[in-house]
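So you can see what is in the structure, the chains are spelled out below.
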Amino acid sequence: MLFPVAKEGRLFVIVTAWMAVITLLSGLADLGLFLVILMLALMALFRDLRRRAPAQALGLVAPVDGVVESVETTTDPFTGREAERIRMRQRYLGEYNIHAPQEVEVRERVWPGQETDREPDPQLAGRLAFALATDEDDRMTLALSVTHWPRFIRMAEVLPGNRLGRGKRIGFAGFGGRAELWLPQGSHVMVRPGQVVLAGTTLLGGLPPREPGDQGGAVELAE
């Protein structure tokens, strides 16, 4: 397919395209035109344009396209440790692809209130959440809202034990929901409320330094 369409939407696009062809060949021009327009709308809705992660290898990238709603200090819902939470709202017109914020391993998953050995933190109510860890055991949590409508979420491959590449596409979550990312204490947060972010591209900040005087995950803003 020449236009990049997320795999979660390809069936809808292909079926609509075939229906349009059959309808037009049958002489039903008005219905055929409607189906062509619908096909183009679906292609736009499920678009999956190429993203290039920024050069800073230790920088954390945005998991969704959207706007930052808040940045606040709270506790990580999986570890119970102090953390910085960045809350983002998706753009209503997409893209809706989800990208990994860093190169991490999935440690736990909650959907919603299940798939863990203990009762989940109340912060995860109505959320699909993933406990993530870097090779240096920096812990973070990614959560996606599941209470908004219309809801269409496909994250089947993000399972405990799987590794996720930094900035790589890991799933689809539409349409117009919220995403939250908890970062470990000491992380350098670069974004502010109201800022527009792009999944897999925009730097949210950096992980804490590993040792005193070591820049570790610190990320500098370009002038």
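Everything below is about the structure shown above.
To keep things clear, this report deals only with the structure shown in the data block. In this text the structure is predicted, and so the values were computed from the model without any measurement.

1. Quick notes on the overall build of the protein
Line of reasoning, step 1. Within the protein, the regular secondary structure consists of 2 helices and 14 strands.
Line of reasoning, step 2. Along the three orthogonal principal directions, the C-alpha set of the protein runs to about 75 × 45 × 30 Å.
Line of reasoning, step 3. Here the protein, with 223 residues, has 48% of them falling under the buried criterion.
Line of reasoning, step 4. Partitioning the contacts of the protein with sequence separation of at least 6, the portion at a separation of at least 24 is 69%.
Line of reasoning, step 5. Entry remark: accessible area of the protein is about 11600 Å², with carbon and sulfur atoms responsible for 57%.
Line of reasoning, step 6. Averaging the coordinates of the 25 positive side-chain charges in the protein and doing the same for the 27 negative ones gives two points 6 Å apart.

2. Concerning the sheet that holds strand S11 (residues 178–184)
Line of reasoning, step 1. Pairing within the open sheet is antiparallel, and its 8 strands lie in the order S9-S5-S6-S7-S11-S3-S2-S13. Every other strand in the sheet has two partners, leaving strand S9 (163–164) and strand S13 (196–197) as the edge strands with one partner each.
Line of reasoning, step 2. As paired elements, strand S3 (residues 82–90) and S11 share 7 bridges and run antiparallel to each other. Of the residues in S11, the one forming a bridge with Met88 is Ala179.

3. Considering the pairing of S3
Line of reasoning, step 1. Two elements, strand S2 (residues 66–75) and S3, share 9 bridges in a ladder whose sense is antiparallel. Paired with Gly66 across the strands is Gln90, a residue of S3.
Line of reasoning, step 2. Connecting S2 to the antiparallel partner S3 that follows it, the hairpin turn spans 6 residues, and Gly80 within it adopts a positive phi of roughly 75°.

4. Topic: helix H2 (residues 29–45)
Line of reasoning, step 1. The terminal C-alpha atoms of H2, which comprises 17 residues, lie 24 Å apart, in line with the 24 Å expected from a rise of 1.5 Å per residue.
Line of reasoning, step 2. Those residues of H2 that fall on the buried side of the exposure criterion are Gly32, Leu35, Met39, Leu42 and Met43. For H2, the arc enclosing every buried residue in end-on projection is 100°, short of the 170-degree limit, so these residues lie on one face. Across H2 from its buried face, at more than 90 degrees, point the exposed residues Asp30, Leu33 and Phe34.
Line of reasoning, step 3. As for H2, its buried residues are in contact with helix H1 (7–25).

5. What to know about the packing of aromatic side chains
Line of reasoning, step 1. Going through the model one piece at a time under the given rule, you end up with 10 aromatic pairs.
Line of reasoning, step 2. Summarising the aromatic geometry, the rings of Phe46 and Phe172 are spaced 5.3 Å apart at their centres and angled 25° between planes, so their arrangement reads as stacked. Residue Phe46 is located in the loop between H2 and strand S1 (59–61), and its partner Phe172 is located in strand S10 (residues 169–174); the two are separated by 126 residues in the primary sequence. We note that Phe46, like Phe172, is buried.
Line of reasoning, step 3. Where Tyr96 meets Phe175, the ring centres are 4.9 Å apart and the plane angle is 85°; that geometry is what we call edge-to-face. Within this pair, whereas Tyr96 is found in the loop between S3 and strand S4 (97–99), its partner Phe175 is found in the loop between S10 and S11, the two being separated by 79 residues in sequence.
Line of reasoning, step 4. Its relative accessible area of 17% is what places Phe175 among the buried residues.
Line of reasoning, step 5. The structure contains a cluster of three or more aromatic residues connected by ring pairs, namely Phe12, Phe46, Tyr96, Phe152, Phe172 and Phe175.
Line of reasoning, step 6. It is Arg154 that lies over the ring of Phe152; its NZ or CZ is 4.3 Å from the centre.

6. Observations regarding the sheet that holds strand S8 (residues 152–154)
Hydrogen bonding along the main chain pairs the strands of a sheet, whether they run parallel or antiparallel.
Line of reasoning, step 1. Spatially, the 3 strands line up as an open sheet ordered S4-S10-S8, and their pairing is antiparallel. Strands with a single pairing partner mark the edges of an open sheet, and in this sheet they are S4 and S8. Within this sheet the neighbouring strands show an average axis-to-axis angle of 30°, counted without direction.
Line of reasoning, step 2. Bridge count between S8 and S10: 3 bridges; the pairing is antiparallel. Bridging across to S10, Ile153 finds its partner in Ala173.
Line of reasoning, step 3. Contacting S8 and S10, H1 crosses the sheet at an angle of about 55° to S10.

Definitions and cut-offs
Residues numbered from 1 in each chain as written. Predicted model: local features only at pLDDT ≥ 70, side-chain atom pairs only at ≥ 80, totals over all residues. Heavy atoms only, no water. Helix = DSSP H or I, 4+ residues; strand = E, 2+ residues; numbered from the N terminus. Buried < 20%, exposed > 50% of the residue type's maximum accessible area, 1.4 Å probe, protein only. Contact = heavy atoms within 4.5 Å. Areas by Shrake-Rupley, 256 points an atom, 1.4 Å probe, with all protein chains shown as cover. Lys, Arg positive; Asp, Glu negative; His and termini not counted. Charge placed at Lys NZ, Arg CZ, Asp CG, Glu CD. Pairing = 2+ DSSP bridges. Expected span 1.5 Å × (residues − 1). Arc of directions from axis to C-beta. Phe/Tyr/Trp six-rings, centres within 6.5 Å; stacked < 30°, edge-to-face > 60°. Lys NZ or Arg CZ within 6 Å of the ring centre and 35° of its normal. Axes fitted to C-alpha atoms, helices over the stretch in contact; angles between N-to-C directions.

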